[in-house]
Amino acid sequence: MSGMDTEGTFAPESWADARNRYEALGPTAQTVVREVTKAMEFDRQEYDDRVTSEVVETARQATFAETLAVTVGSAEEFDAWRGDFDGDVHVVGSDNVERVAWHAGPDDAAVAATFQNEPEAAVATLRRVAFNRIYREELCDG
């Protein structure tokens, strides 16, 4: 893989955009959880016992994170982008690798994950980091 590439489509430009998307994903998360538990053959009692609001909220968080736009590029491309970025960038991973995945949130906060191989794993990790470091406090209760 050479050159920059973008995985995912959602790059909120404001907190209102992020909140609207997060709220809109509530019914989707409920449907996903219901269909998964149906495939797992939960009966009504097991569903009522095990499917809590936290389970549905986790599904909503994961769905939101999985749609985030993540740029994947070389360390040089990341450095060039970072040079033009005014905000704070939290970087996870080693400094001695050739590839970087990154996402900038709506509030001049960004996260990046360095990697050598397996861009899909880097993107998945970065999306979790992005949700936890950028979005969780603003979108989730408590």
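Residues numbered from 1 in each chain as written. Predicted model: local features only at pLDDT ≥ 70, side-chain atom pairs only at ≥ 80, totals over all residues. Heavy atoms only, no water.

**Some details on unusual backbone geometry**
Here is step 1 of the chain: Despite not being glycine, Asp108 shows a phi value in the positive range, around 55 degrees.
Here is step 2 of the chain: On the secondary structure map, Asp108 appears in the loop between strand S4 (99-104) and strand S5 (109-115).
Here is step 3 of the chain: The phi angle at Glu118 is positive, at roughly 60 degrees, despite the residue not being glycine.
Here is step 4 of the chain: You can call Glu118 exposed: its relative accessible area is 56%. (Helix = DSSP H or I, 4+ residues; strand = E, 2+ residues; numbered from the N terminus. Buried < 20%, exposed > 50% of the residue type's maximum accessible area, 1.4 Å probe, protein only.)

**Some details on the sheet that holds strand S3 (residues 88-92)**
In sheet architecture, strand pairing relies on hydrogen bonds along the backbone and comes in two forms, parallel and antiparallel.
Here is step 1 of the chain: Taken in spatial order, the 5 strands line up as S1-S2-S4-S5-S3 in an open sheet, and their pairing is mixed. Single-partner strands in this sheet number two, and they are strand S1 (5-7) and S3. Averaged over all pairs of adjacent strands, the angle between their axes in this sheet comes to 25 degrees, without regard to strand direction.
Here is step 2 of the chain: One ladder, built from 5 bridges, connects S3 with S5; its direction is parallel. (Pairing = 2+ DSSP bridges. Axes fitted to C-alpha atoms, helices over the stretch in contact; angles between N-to-C directions.)

**Describing a nonpolar patch on the surface**
Here is step 1 of the chain: A cluster of nonpolar side chains, namely Val32, Val36 and Met40, defines an oily patch on the protein surface of about 260 Å² accessible area.
Here is step 2 of the chain: Inspection of the secondary structure assignment puts Met40 in the loop between helix H1 (15-39) and helix H2 (44-50). (Patch = residues over 30% accessible without salt bridge, like charges linked within 9 Å, V, L, I, M, F, W, Y side chains within 5 Å. Areas by Shrake-Rupley, 256 points an atom, 1.4 Å probe, with all protein chains shown as cover. Salt bridge = Lys/Arg side-chain N within 4 Å of Asp/Glu carboxyl O.)

**Remarks on a negative patch on the surface**
Here is step 1 of the chain: On the surface, a cluster of negative charge is made up of Asp5, Glu7, Glu118 and Glu120.
Here is step 2 of the chain: Examined against the element boundaries, Glu118 turns out to sit in the loop between S5 and helix H5 (119-139). (Lys, Arg positive; Asp, Glu negative; His and termini not counted. Charge placed at Lys NZ, Arg CZ, Asp CG, Glu CD.)

**Thoughts on the nonpolar core**
Here is step 1 of the chain: Counting 24 residues, the largest nonpolar core has Phe64, Ala101, Phe131, Tyr135 and Leu139 as the members making the most contacts within it.
Here is step 2 of the chain: Only H1, helix H3 (53-67), strand S2 (70-74), S5 and H5 provide two or more residues apiece to this core.
Here is step 3 of the chain: It is H5 that provides the largest number of residues to this core, a total of 9 residues.
Here is step 4 of the chain: Contacts of Phe64, omitting those with residues within four sequence positions, involve Phe10, Ala18, Arg21, Tyr22, Leu25, Phe131, Tyr135 and Leu139.
Here is step 5 of the chain: Listed in part, the 8 residues of the second largest apolar core include Ala75, Phe78, Val100 and Ala110. (Core = buried A, V, L, I, M, F, W, Y, C linked by side-chain atoms within 4.5 Å. Contact = heavy atoms within 4.5 Å.)

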